[in-house]
Every structure is written in structure tokens, then in C-alpha cells.
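# Notes for the structure review
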Amino acid sequence: MPSDTREPSGGLGQRYQRRPGPWTIEVGSVHGVCSRVLLVGESLVVGSGHNAGLRVADPAVGDQHCLLKVRPGGLTVEDLGSGGGVFLGPARVAQATLVSVGASFVIGATTVTIRPGVEEEPSRTAALPGMVGGSTAMRRVAYEVRRHAATRAPILLQGESGTGKDLVAQALHTLSRRPGAYVPLNAGAMPEPLADAELFGHRRGAFTGAVANRSGAFELAHQGTLFLDEIAEIPASVQVRLLRVVEDGQVRALGASKPIRVDTRIVSASWAPLADRVADGSFRADLYHRLSTAVVRLPPLRQRRSDIPELCEVLLRRMDSDVGVKRLAPGALARLVTHSWPGNVRELNGVLYRAALLTDQAMLEPQHIELAFPPDGKGRKLTRADAPRLLELHRGNVSAAARACGVARSTFRSWLEKPHSQE
């Protein structure tokens, strides 16, 4: 690596190369995820053989597939003459230096993701029922969910669309062992005039068309769990009545003469930060404090790239009856790993289904992968979260990556210096 501050062609200037380490290496495959920490000057052979420093249970990975070496400027990966190769994006490389947070490469059907520093490892907790992923981020979620499951406290799930908030809510109910039903309700899709009837029920004759008694969601979920999805979109008038139920545990159906007491565990979810909605006045602060006794934040897919091989394996298996048995070539998996996934797992499922449907081949190659947003960012406005991916795709060239983003070089540099500030 150069010792001065000039920016060599295809690389970062020294200002951005000097990440002294340590680096956390997270390896993900269909068999799960493992991690290792490397310090400056240390090296590690990754492979499937007994002599590999980090063994990978992947038949497509050679005995000694590649060498990882930590240098002052970043982490270097070198192909050790493997038959399968090392893929950075869709391109096969002999050697590359990775410098950005969350950078990933692919060997066989395995991903290797790097992060600077040493993160506190969550306890070894079993995956949640119905959930896939053994990454550090998902183990943290599993630990928090299992810790809260047995309590009666309301739980708020925060996460982007497609991160699996509904699956986590179901896992919370399963682990709680509450004898009642799990009742999901999209709170944001309830028309305001019908919200009371949906939540609290009604009695015959309470309004035109009420020809029979009907139990509301709270009553249906008695001794069980009520999942209120998209809680941030609930109308302001309904928030008042919802707060009353949360506080005293009593619901009065429309047309009823007296309330009834319910024992309902509330799990709510929102893609929008509820604290921001409180700040702008669109969500009641007192209701927010009641619903967020415990908060579980679900990571976006771009922060758990090591889970992508296992997710792809599970999703493709579910499609067998529609599209036949399909597998991912290393280059195709590498394309998936470098994508920023604004639609998260839901988007991944759609991309895989289209790829599998449009080819008769059993092996899905890079050309079969159609991403909603091309790697150069055309078709949407790029943000700070895209900087690491763009930097890797342009082989560490800051100027080229900045041009692809349509921003000034100085702006792109500031994105690199604080990569998580807008995550």
C-alpha cells in the first residue's frame, strides 16, 4: 500500500486507508454464522480443510481457499489458487483490499463480511421460531425477544419495512406461552369510523348494519397477544381510546352498557421512529410511553449480510413447487450481498423469485439477478447508507464512487467518515 497521502488509481487515499484494526470477520453460510477477530499484522486462511485457520462447511470452498491479512490500510483478501474463486460483487478477483464498513465478498456459497472494531457478542441464543439468521445482529434480537417474552409488558418493534416485524411478533407470542390467541391487526389500514368496532367490538344494533354482536381485537386476544402493525399511522382520535384500554385493561364495545376486563399482551410495530412522530405532534407522548415499555429494534438486511446465504437457501426451497430446484452461483450470491436492500427480506424474496422464474437453468448466474436499483444508483437518490457498497463496486476509488452518487467528492468523504449516522 502507498505510504504517502496521494490517492492511487483504484484505491483510497491514506486518510481513508488507515483503519488500524482490529477487524471483526463474520462468515455466513447455509449452515449458520461464525465470527473471528483479527488484529493488525495477523492473517487467517479460510477454507474447508483441516489446516484452515477458519473452517467453512461449504463443499464449494477449497481446503485453503483464501488468505485474509490485516494491514494498516484495511483487510486484504487473496485467492490461494482456489477453483471456485473469490467474488467481490459479480467480479472474480485475485486480490482486493476491503476498507469500508460492512464490505463483503463471496467464496462458494459463503459470505465473508468485515466490520472494524470488536463488538460485544450477544449470548449464544437459539434462533427465534420462524426466523432465519445467526448473524450478530439477529442473535441480539433473539436474546432481547426471549428475555421479554415471558413478561406482560407492551413491546414496540421498530424496523424498516420487510425486516420481519410480524414474524418477531409471532415468535414473542409463541415464546410467551400465553393460552389465548395471536391476533394481528394492521392499525394503519383501519378506516377511522370503523376503528372502534375493530379494536373494541360492537353489540347488535349499535349502528346501521350491526346485525349481530361482534368481539373486537382486544377481546379476541384475551390471554393472548394483540399485534398492532403500523401503529404510527393510527388516527389521533383512536389513540385516545387506545390509551385508556392500555392503562386500565378494560374495553367497552360499541352499544354495550358496561366495559369488560381483558388480559391482552400488546405488541406494536412501526417502520417510522415513533419518537419522531411524538416530536412532530402526530402521536401522543403518553401512548408512546405506554407502548414502548420494551423496544426491540430489527436490523435492516444490509446490516446482516452474513445471513443472506441461509435466507436464500430457505426462500429458494419454498419456491421449489413453483420454479423447480434452484441454486445460486457465487457471482449471483455476490451480487445479492453487495445490494443495499431498501426493501429488506421482502425485496430479496421477490428478486429470487423473478430470477428463478425467468430461467430454466438450475444454477442462477449473475445475469439472472435483476435488482430494483442498479449498482450505479440510477433510478433513486442515493444516501449515506449506500456509500460503502458504492465504494467497493468502484474498487475503492472515491472520485468514481462520488460521481456515481451524483454528489461532491467532499460529501462522499463525509459519508465514509460517519457511515451509520443515517441508518
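Just above sits the structure.
The text that follows walks through the structure, step by step, so that each part is easy to find. (Residues numbered from 1 in each chain as written. Predicted model: local features only at pLDDT ≥ 70, side-chain atom pairs only at ≥ 80, totals over all residues. Heavy atoms only, no water.)

## Here's the deal with the overall build of the protein
Rules: Only DSSP runs of H or I covering at least 4 residues are called helices, and only runs of E covering at least 2 are called strands; the numbering of each starts at the N terminus. Whether two residues are in contact is decided by their heavy atoms: any pair within 4.5 Å suffices. Method for areas: the Shrake-Rupley scheme with a 1.4 Å probe, in which residue coverage is limited to the protein chains shown.
In terms of helices and strands, the protein carries 15 helices and 22 strands. A sequence separation of at least 24 residues applies to 63% of the contacts in the protein between residues at least 6 apart. Looking at the protein as shown, the accessible area adds up to about 19100 Å², and 51% of this sits on carbon and sulfur atoms.

## Some points on the sheet that holds strand 16 (residues 225-229)
Two orientations exist for strands paired in a sheet by backbone hydrogen bonds: parallel and antiparallel. Keep this limit in mind: By the convention used here, strands pair only if DSSP detects at least 2 bridges between them. In this analysis an axis means a line fitted to C-alpha atoms, helices contributing only their contacting stretch, and an angle means the value between N-to-C directions, from 0 to 180 degrees.
Here 5 strands make up an open sheet; going across it, the order is 13-16-19-12-20 and the pairing parallel. Each edge of the open sheet is held by one strand with a lone partner, namely strand 13 (182-186) and strand 20 (294-297). Recorded for the sheet is a direction-independent mean angle of 20° between the axes of neighbouring strands. Sheet strands touched by helix 2 (residues 136-149): strand 12 (155-158), strand 19 (265-270) and strand 20. Its angle to strand 20, the strand with the most contacts, is close to 155°.

## Looking at the pattern of salt bridges
The following threshold applies: By definition, a salt bridge exists where a carboxyl oxygen of Asp or Glu is found within 4 Å of a side-chain nitrogen of Lys or Arg. Classification of residues uses two cut-offs on accessible area relative to the type maximum, computed with a 1.4 Å probe and protein chains only: under 20% is buried, over 50% is exposed, and between them is partly exposed.
Evaluation of the coordinates by the stated rule reveals 11 salt bridges. Between Asp-196 and Arg-241 there is a salt bridge, with its nearest N and O atoms 2.6 Å apart. Taken together, the residues span a long stretch of sequence, with Asp-196 in helix 4 (residues 192-200) and Arg-241 in helix 6 (residues 236-248) at a distance of 45 residues. On the basis of relative accessibility, which here comes to 28%, the residue Arg-241 falls in the partly exposed class.

## Overview of helix 2
For clarity, the cut-off: Multiplying 1.5 Å by the residue count of a helix minus one yields the expected span of that helix.
Over its 14 residues, helix 2 extends 20 Å from the first C-alpha to the last, a length consistent with the 20 Å expected when each residue adds 1.5 Å. Turning to helix 2, its buried residues number three or more, namely Thr-136, Ala-137, Met-138, Arg-139, Val-141, Ala-142, Val-145, His-148 and Ala-149. Along its buried surface, helix 2 packs onto strand 1 (23-29), strand 11 (110-116), strand 12, helix 3 (165-176), strand 19 and strand 20.

## Some points on the packing of aromatic side chains
What counts here: Centres within 6.5 Å make a pair out of two Phe, Tyr or Trp rings, where for Trp the six-membered ring is used; the pair is then stacked when the planes are under 30 degrees apart, edge-to-face when over 60, and tilted otherwise.
Evaluated as defined, the whole model comprises 2 aromatic pairs. Look at Phe-200 and Phe-218: their rings are 6.0 Å apart centre to centre, the planes differ by 20°, and that puts the pair in the stacked class. Of this pair, Phe-200 sits in helix 4 while Phe-218 sits in helix 5 (residues 217-220), placing them 18 residues apart in sequence. When its relative accessible area of 2% is taken as the criterion, Phe-218 is described as buried.

## Some remarks on the sheet that holds strand 9 (residues 95-98)
The sheet built from 5 strands is open, its strands ordered 4-3-5-6-9 with mixed pairing. Edge positions in the sheet fall to strand 4 (54-55) and strand 9, since each of these pairs with one other strand and no more. Relative to strand 5 (residues 66-71), strand 3 (residues 43-47) is paired through 4 bridges, and the arrangement is antiparallel. Note that in strand 5 the partner of Val-46 across the bridge is Cys-66.

## Description of the side chain of Thr-338
The condition that has to hold: Polar contacts, as used here, are pairs of N or O atoms within 3.5 Å; protein pairs need one atom able to donate a hydrogen and one able to accept it. Residues neighboring in sequence count only if both atoms are side-chain atoms.
Structurally, the position occupied by Thr-338 is in helix 11 (residues 330-338). A residue is classified by how much of its surface remains accessible, and Thr-338, at 14% relative accessible area, is buried. Among the polar contacts listed, one links the side chain of Thr-338 to the backbone oxygen of Arg-335, at a separation of 3.1 Å.

## What about the side chain of Glu-230?
Where we set the bar: Asp and Glu count as negative and Lys and Arg as positive, but His and the ends of the chain are not part of the count.
Within the secondary structure, Glu-230 is located in the loop between strand 16 and helix 6. Nearest to the buried, unbridged Glu-230 among oppositely charged side chains is Lys-165, at 5.2 Å. Setting aside residues no more than four positions away along its own chain, Glu-230 makes contact with Asn-186, Ala-187, Gly-188, Ala-269 and Trp-271.

## Here's the deal with helix 12 (residues 344-357)
Stated precisely, the cut-off is as follows: Here the arc refers to the directions that run from the helix axis out to each C-beta atom.
The end-to-end C-alpha distance of helix 12 is 20 Å, a good match for the 20 Å that 14 residues give at a rise of 1.5 Å each. Within the span of helix 12, buried status applies to Asn-344, Val-345, Glu-347, Leu-348, Val-351, Leu-352, Ala-355 and Ala-356. The buried residues of helix 12 occupy an angular sector of 165° when the element is viewed end-on, so they sit on one face. Buried-residue contacts for helix 12 involve helix 9 (308-318), helix 10 (320-323), strand 21 (327-328), helix 11 and strand 22 (363-364).

## Details of the nonpolar core
Stated formally: Among the buried residues, those of types Ala, Val, Leu, Ile, Met, Phe, Trp, Tyr and Cys that are joined through side-chain atoms within 4.5 Å form a nonpolar core.
Ranked by size, the top nonpolar core spans 30 residues in total, and within it Phe-218 and Ile-231 carry the most contacts. Among the secondary structure elements, those contributing two or more residues to this core are strand 13, helix 4, helix 5, strand 16, helix 6 and helix 8 (285-291). Per element, the largest residue contribution to this core is 5 residues, and it comes from helix 6. What Phe-218 contacts, discounting residues up to four positions off in sequence, is Leu-199, Phe-200, Leu-226, Leu-242, Val-245, Val-251, Val-262, Thr-264 and Ile-266. Judged by nonpolar contacts, the second largest core, of 28 residues, contains Leu-301, Leu-328, Val-351 and Leu-364.

## What about the packing of helix 9 against helix 11?
To be explicit about the condition: Roughly parallel here means an angle under 35 degrees, roughly antiparallel means over 145, roughly perpendicular means 65 to 115, and every remaining angle is called oblique. It is the rotation of the near helix from the far one that decides the hand of a crossing: anticlockwise by less than a right angle makes it left-handed, clockwise makes it right-handed. Lys, Arg, Asp and Glu make up the charged group, whereas Ala, Val, Leu, Ile, Met, Phe, Trp, Tyr, Cys and Pro make up the nonpolar group; the residues left over, Gly among them, are polar.
Helix 11 packs onto helix 9 with a crossing angle of 115° between their chain directions and a minimal axis gap of 10 Å. With respect to their mutual orientation, helix 9 and helix 11 come out roughly perpendicular. The hand of the helix 9/helix 11 crossing is right-handed. Here helix 9 contributes Ile-308, Pro-309 and Cys-312 to the contact with helix 11, which in turn contributes Leu-333, Leu-336 and Val-337. Split into classes, the residues belonging to the contact of helix 9 with helix 11 amount to 6 nonpolar, no polar and no charged.

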